[in-house]
Amino acid sequence: MFVEHINMIDVVLEGLKLVITFALIIILSKSAKRFPQLSGGAWRMVIFGFVLMFFGFLFDFSDEIINYASNPILEDAEGFIEEISLIGGLILVTLGFKSWFSFIGRILGLKG
């Protein structure tokens with residue numbers, strides 16, 4: 001069930017990635033509450049995208065400790081969930097920021 005040898009460098013770096021992503025989600029959520037007039041659907045899309053990426057990073061972290069290769073179905077499911085979460089999160093963050101920047105540009109009266 002668990003891997004025989006844990007690579008501590010991978011565990012530390014992937015754990016750091018998790019902590020940073022979680023902190024980013026908290027900061028963005030607090031900013032949305034502090035400035036509700038600037039946060040809308042696009043901002044929620046950005047936050048949800050980072051949440052999806054967090055879950056992808058969580059599965060990436062878990063495979064350093066749990067031996068998914070012992071069960072081919074679990075291995076495939078873990079890889080699928082990890083990749084879909086990361087790709088879907090990145091797409092949502094990109095589309096959310098694109099929409100949010102357009103929204104801020106309209107508020108500031110910028111042409112683009």
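Right above here is the structure, for reference.
Residues numbered from 1 in each chain as written. Predicted model: local features only at pLDDT ≥ 70, side-chain atom pairs only at ≥ 80, totals over all residues. Heavy atoms only, no water.

Participant: Just checking my understanding: could you explain the packing of helix H2 (residues 41–62) against helix H3 (residues 72–108) for this structure?
Facilitator: Any two packed helices are characterised by how steeply their axes cross, that is the angle between the axes, and by the distance between the axes. Interhelical geometry of H2 versus H3 gives an angle of 155° and a closest axis separation of 7 Å. In terms of orientation, H2 and H3 fall into the roughly antiparallel class. The two elements H2 and H3 meet at a crossing, and its hand is left-handed. A breakdown of the residues in the contact of H2 with H3 according to their chemical character gives 19 nonpolar, seven polar and three charged. (Axes fitted to C-alpha atoms, helices over the stretch in contact; angles between N-to-C directions. Helix = DSSP H or I, 4+ residues; strand = E, 2+ residues; numbered from the N terminus. Parallel < 35°, antiparallel > 145°, perpendicular 65-115°, else oblique. Left-handed = near helix turned anticlockwise from the far one by under 90°. Nonpolar A, V, L, I, M, F, W, Y, C, P; charged D, E, K, R; others polar.)

Participant: Could you clarify how one ought to interpret the packing of aromatic side chains in this entry?
Facilitator: Two aromatic rings are characterised by how far apart their centres lie and by the angle between their planes. Scanning the model with the defined rule gives six aromatic pairs in all. Ring geometry for Trp43 versus Phe97: centroids 6.2 Å apart, planes at 80°, classification edge-to-face. Of this pair, Trp43 sits in helix H2 while Phe97 sits in helix H3, placing them 54 residues apart in sequence. The partly exposed category is assigned to Phe97, whose relative accessible area is 23%. Taking the centre distance of 4.7 Å and the plane angle of 45° together, the rings of Trp43 and Trp100 count as tilted. In this pair, Trp43 sits in helix H2 while Trp100 sits in helix H3, placing the two residues 57 residues apart along the sequence. Connected via pairs of aromatic rings, a cluster forms that spans Trp43, Phe97, Trp100 and Phe101. (Phe/Tyr/Trp six-rings, centres within 6.5 Å; stacked < 30°, edge-to-face > 60°. Buried < 20%, exposed > 50% of the residue type's maximum accessible area, 1.4 Å probe, protein only.)

Participant: I keep staring at the side chain of Ser62 and nothing clicks. Help me out?
Facilitator: Tracing the sequence through the fold places Ser62 in helix H2. Relative accessible area serves as the criterion here: at 15%, Ser62 is assigned to the buried category. For Ser62, the side chain forms a polar contact with the main-chain oxygen of Phe59, separated by 2.8 Å. (Polar contact = N/O pair within 3.5 Å; in protein donor to acceptor, adjacent residues only side chain to side chain.)

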